[in-house]
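In case you want the letters, here they are:
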Amino acid sequence: MDDLDRSVPTRPRPRRAAWTVAALSCLVVGLLAAVGGATSPTASALDRAPTPAGATGPARGPLQWVWPAPAPIRVVAPFRAPPTPYSAGHRGIDLAVAPGATVVAAAGGTVRFAGMVAGRGVVSIDHGDGVISSIEPITALVREGDLLAAGDRIGAVDRGGHCEGDCVHFGIRVDGEYVSPFLFFGGLPRSVLLPLS
C-alpha cells in the first residue's frame, strides 16, 4: 500500500455483536408475531372457520362440529405443523379407535373424495369457505358428491398408512393449508387421570 491509500479514512467494519443483535431482534419479532397472532392463512381460517356446535356461523348459518371417532376421544399423536409446506410434520391428529369402529362426518358438507390413496381408504369432505377435512384409513360408505350432516356415518376404521387399525388420522385444511383440528373443537379434549396398576 502506498502513502496515498493510508491517508484515506476507512469506515469501521460492523462488529459481530451488531449482527447478533440484529438477528436476535428478527427472531424476537418473529416469535412475538407467532405468539401474538396467527399467520395470514390461519388467521383468515379462524375468521371464516365454521363455528363450534351451537354457535352461529357466517351467512350460511350454524355448522356443528363433532368428533369423527367414537368417544372417549383419545389423541395418540398431536398436530405438528411443518416449518415449510414440503417439510416433515404431522398434518393432523391421530385418534385412538377400535378396529372396525364407525367413523362419522365431523361437520356438514359435500364429499369431495372417497377412495384409495397410497393403499389406504380416505374420505375428504368440503365444508365450504375453503375448509376441507380428511380422515383415513377407513372403508368408505359414501361417494363423491354425497351431502352430509355432522355425525352422518361415512365409513369404518380400516388399516393403512401409519394407523394400523387402532387409530384414524384426521386432518383439516383451510385454503389448502393444514391447520390444527383443535381450532374447530375448542382445544384439547379433557384429560382423564387413570390409577396406576
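Look above for the structure.
Okay, so let's go over this structure.

**Describing the overall build of the chain**
Along the chain, the regular secondary structure elements total three helices and 13 strands. Looking at the 197 residues of the chain, the share that counts as buried comes to 34%. Across the chain, every contact between residues at least 6 apart in sequence was considered, and the portion connecting residues at least 24 apart equals 59%. Approximately 12400 Å² of the chain is accessible, and the part contributed by carbon and sulfur atoms is 60%.

**Quick notes on the nonpolar core**
Core analysis: the largest hydrophobic core is formed by 29 residues, its most contacted members being Trp65, Ile135, Ile154, Val168, Phe170 and Phe184. Of all the secondary-structure elements, those providing two or more residues to this core are strand S2 (93-96), strand S5 (120-128), strand S6 (131-136), strand S9 (153-157) and strand S12 (167-174).

**Quick look at empty space enclosed by the protein**
If you walk through the whole model with that rule in mind, you get one cavity of 30 Å³ or more. Considering the residues around the largest cavity, the lining is formed by Pro68, Val104, Ala105, Ala106, Val123, Ile125, Ser133, Ser134, Ile135, Ile154 and Phe170. The set of elements that each furnish at least two residues to the lining of the largest cavity consists of S5 and S6. Counting residues per element, the lining of the largest cavity draws most heavily on S6, at three residues. Residue composition of the lining of the largest cavity, by class: nine nonpolar, two polar and no charged.

**Structural notes on the side chain of serine 133**
By the element assignment, serine 133 lies in strand S6. Apart from residues no more than four positions distant in its own chain, serine 133 is found in contact with Val123, Ser124, Ile125, His127, Phe170, Gly171 and Ile172.

**Details of the side chain of aspartate 94**
Mapping aspartate 94 onto the fold places it in strand S2. Here histidine 162 takes part through its side chain, which lies 2.9 Å from a polar atom of the side chain of aspartate 94. Separated by 2.9 Å, the side chains of aspartate 94 and histidine 169 make a polar contact. Residue contacts for aspartate 94: discarding those within four places in its chain leaves Arg74, Val75, Val76, Ala77, His162, Cys163, Cys167, Val168 and His169.

**Re the sheet that holds strand S3 (residues 102-104)**
Sheet strands associate in pairs through backbone hydrogen bonding, adopting either a parallel or an antiparallel arrangement. Taking strand neighbours across the sheet as the criterion, the three strands line up as S3-S9-S7 in an open arrangement whose pairing is antiparallel. The open sheet has two edge strands, S3 and strand S7 (138-140), and neither has a second partner. Geometrically, the sheet is characterised by an average inter-axis angle of 40° between neighbouring strands, direction not taken into account. Relative to S9, S3 runs antiparallel, the two being bridged by three bridges. Counted as the bridge partner of threonine 102 is alanine 156 from S9.

**Examining the packing of aromatic side chains**
Two measures describe an aromatic ring pair: the distance that separates the ring centres and the angle between the ring planes. The tally for this structure, following the rule as stated, stands at five aromatic pairs. Centroid distance phenylalanine 170 to phenylalanine 185: 6.2 Å. Interplanar angle 65°. Geometry classified as edge-to-face. Taken together, the residues phenylalanine 170 in strand S12 and phenylalanine 185 in the segment after strand S13 (177-179) connect sequence positions 15 residues apart. Here a set of aromatic residues connected by ring pairs shows up, and it is made of Trp65, Trp67, Phe170, Phe182, Phe184 and Phe185.

**Concerning the environment of proline 72**
Mapped onto the fold, proline 72 is located in the loop between helix H3 (40-48) and strand S1 (75-77). Classification of proline 72 as exposed rests on a relative accessible area of 70%. In the structure, proline 72 is positioned 24 residues away from alanine 96 in sequence and 8.8 Å away in space, judged by C-alpha atoms.

**Description of the state of the cysteines**
Within the structure shown, the criterion is met by one disulfide. Covalent S-S linkage joins cysteine 163 and cysteine 167, the inter-sulfur distance amounting to 2.0 Å. Note on the cysteine 163 and cysteine 167 pair: the S-S dihedral is about -105°, so by sign convention the disulfide is left-handed. By the burial criterion, cysteine 163 is buried, and cysteine 167 matches it.

**Description of the environment of isoleucine 135**
Within the fold, isoleucine 135 resides in strand S6. Given a relative accessible area of 4%, isoleucine 135 falls into the buried group. With 30 residues separating them in the primary sequence, isoleucine 135 and alanine 105 have C-alpha atoms 9.1 Å apart.

Rules of the game
Residues numbered from 1 in each chain as written. Predicted model: local features only at pLDDT ≥ 70, side-chain atom pairs only at ≥ 80, totals over all residues. Heavy atoms only, no water. Helix = DSSP H or I, 4+ residues; strand = E, 2+ residues; numbered from the N terminus. Buried < 20%, exposed > 50% of the residue type's maximum accessible area, 1.4 Å probe, protein only. Contact = heavy atoms within 4.5 Å. Areas by Shrake-Rupley, 256 points an atom, 1.4 Å probe, with all protein chains shown as cover. Core = buried A, V, L, I, M, F, W, Y, C linked by side-chain atoms within 4.5 Å. 1 Å grid on protein atoms, 1.4 Å probe; cavity = no way out; pocket = protein on both sides within 12 Å on 5 of 7 lines; lining within 4 Å. Points joined across faces, edges and corners; volume = space filled by probe spheres on them. Nonpolar A, V, L, I, M, F, W, Y, C, P; charged D, E, K, R; others polar. Polar contact = N/O pair within 3.5 Å; in protein donor to acceptor, adjacent residues only side chain to side chain. Pairing = 2+ DSSP bridges. Axes fitted to C-alpha atoms, helices over the stretch in contact; angles between N-to-C directions. Phe/Tyr/Trp six-rings, centres within 6.5 Å; stacked < 30°, edge-to-face > 60°. Disulfide = S-S within 2.5 Å.

Keep in mind these numbers describe shape, not what the thing actually does.
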